[in-house]
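A look at the structure
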Amino acid sequence: MEIKSAEFVMSNSDVTKCPKDLLPEYAFIGRSNVGKSSLINMITNRKSLAKTSGRPGKTQLINHFLINKTWHLVDLPGYGYARVSKSSKKTFQKFITDYFNQREQMVSAFVLVDIRHKPQPIDLEFMAWMGENDIPFSIIFTKADKLKPQAILNHVADYSAVMMETWEDMPNYFITSSSKEMGKDELLNYIHEVNENME
Ligand SMILES: Nc1nc2c(ncn2[C@@H]2O[C@H](COP(=O)(O)OP(=O)(O)OP(=O)(O)O)[C@@H](O)[C@H]2O)c(=O)[nH]1
Ligand SMILES: [Mg+2]
């Protein structure tokens, strides 16, 4: 799928104030600093559509981007970041879970995990929560440029083995690098297929 246009629509912390139209949307979620905003910029060919930072906690709101005038990408704040105060951390978590529970337009989520790390409890817990709530998601392994090809395969195999302890199947997954533009076509083709199947 070719990206012909990508525009920022709005930011907010309240799912009821998200765009009212019924365009299908795809949400990026994962720990702070995992590379959600960078991945959105990579797949849309825009350097700074979504704001990125080396410091965790950059994205703090639900951000909607309109793609090709026909679907939305949603950039979400990271979870599991301890530096924000306890009370604001809770607020993030509530509006994230409210977003996934209430947003009818959300057709598929992407849970991002850093390919270098072993499965982290917070990610496994978040995916379990998505499963319990029947929210469809794929896994996106990020920062694959940091590993050699064989190490990529090993890390994904290890991750799958841990997932299979609690899941019947390994969820659909993508291997990506925003700095190397890896995984872009696979991700865009997947979104394209889901969009087509909804019509
Ligand atoms: N090497 C490498 N670095 C990356 C990649 N993607 C993101 N980064 C870096 O990781 C850091 C965090 O990236 P962001 O895209 O802001 O991460 P985020 O998940 O949106 O973070 P929050 O908004 O804070 O939750 C930045 O320093 C990026 O340059 C990648 O594919 N490869
Ligand atoms: Mg971000």
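In every chain, residue numbers begin from 1 and rise along the written sequence. Starting at A for chains and at 1 for ligands, labels are handed out in the order in which the entities are written. Local features are withheld for residues below a pLDDT of 70 in this predicted model, meaning they are given only at 70 or higher, and side-chain atom pairs are given and counted only at 80 or more; totals for whole chains, interfaces and linings count all residues. Derived side-chain values reflect all non-hydrogen atoms in the structure, with water molecules and hydrogen atoms excluded from consideration.

- Per an unreviewed UniProt entry, the protein goes by the name Probable GTP-binding protein EngB and belongs to Bizionia argentinensis JUB59.
- UniProt positions are given in the numbering used here, feature names are shortened, and annotations may be inferred rather than shown by experiment. Reading the Function (unreviewed entry) entry of the UniProt record for the protein gives the comment "Necessary for normal cell division and for the maintenance of normal septation."
- For the record of the protein, the UniProt heading Sequence similarities (unreviewed entry) holds the text "Belongs to the TRAFAC class TrmE-Era-EngA-EngB-Septin-like GTPase superfamily. EngB GTPase family."

**Some details on the overall build of the protein**
- Helices and strands together make up the secondary structure of the protein, namely 5 helices and 7 strands.
- Ordered by position in the sequence, the α and β elements of the protein form the string β-β-α-β-β-α-β-α-β-α-β-α.
- Its C-alpha atoms give the protein a radius of gyration of 16 Å, within 12% of the compact-globule value 16 Å for 199 residues.
- If one aligns the C-alpha atoms of the protein with their principal axes, the spans along those axes are about 45 × 40 × 35 Å.
- Buried residues are those whose accessible area, probed at 1.4 Å on protein chains only, stays under 20% of the maximum for their type, while exposed residues exceed 50% and partly exposed ones sit between those limits. Within the protein, the proportion of its 199 residues that are buried is 48%.
- Pairs of residues are marked as contacts when any of their non-hydrogen atoms sit within 4.5 Å. Of all intrachain contacts in the protein linking residues separated by at least 6 positions in sequence, the fraction that spans at least 24 positions is 75%.
- Neither His nor the chain termini are counted; the positive set is Lys and Arg, and the negative set is Asp and Glu. Taken as the charge centre is NZ of Lys, CZ of Arg, CG of Asp or CD of Glu, depending on the residue. Each charge class in the protein can be summarised by its mean position, and for the 24 positive and 24 negative side chains these summaries are 13 Å apart. Runs of E in the DSSP output that reach at least two residues are strands. Runs of H or I that reach at least four are helices, and both are numbered from the N terminus. What the globule rule says is 2.2 Å times the number of residues to the power 0.38, and the radius of gyration is computed from C-alpha atoms.

**What about the packing of aromatic side chains?**
- Here is the rule: rings of Phe, Tyr and Trp (six-membered ring for Trp) pair when centre to centre is within 6.5 Å. Planes less than 30 degrees apart are stacked, more than 60 are edge-to-face, and the remainder are tilted. Inspection of the entire model under this criterion finds 14 aromatic pairs.
- For the pair Phe-141 and Tyr-173, a centre-to-centre distance of 5.7 Å together with 80° between the ring planes defines the contact as edge-to-face. A residue pair is termed long-range when its members are at least 10 positions apart, and Phe-141 in strand E6 (residues 137–142) and Tyr-173 in strand E7 (residues 173–175) qualify at 32 residues.
- Each residue in the set Tyr-26, Phe-28, Trp-71, Phe-110, Phe-174 and Tyr-190 is aromatic and connected to the rest through ring pairs, giving one cluster.

**What about the site of ligand 1?**
- Around ligand 1 sit 22 residues in total, of which Ser-38, Gly-57, Thr-59, Asp-145 and Ser-178 are the nearest.
- Here an oxygen atom of ligand 1 and a backbone polar atom of Asn-33 are 3.0 Å apart.
- In protein, a polar contact requires one atom able to donate a hydrogen and another able to accept it; more generally it is a pair of N or O atoms within 3.5 Å, and residues adjacent in sequence count only if both atoms are side-chain atoms. Contact between ligand 1 and Ser-53: an oxygen atom at 3.0 Å from a main-chain N or O atom of the residue.
- Surface accessibility follows the Shrake-Rupley procedure with a 1.4 Å probe radius. Residue values consider only the protein chains on display as shielding. Burial of ligand 1 by the protein chains amounts to 85% of its free accessible area of 650 Å².
- Grouping the constituent residues of the shell around ligand 1 by class yields 2 nonpolar, 14 polar and 6 charged. Definition of nearness: a residue and a molecule or strand are near each other if at least one heavy atom of the residue lies within 4 Å of the molecule or strand. Each residue is assigned to one class: nonpolar for Ala, Val, Leu, Ile, Met, Phe, Trp, Tyr, Cys and Pro, charged for Asp, Glu, Lys and Arg, and polar for all the others, Gly among them.

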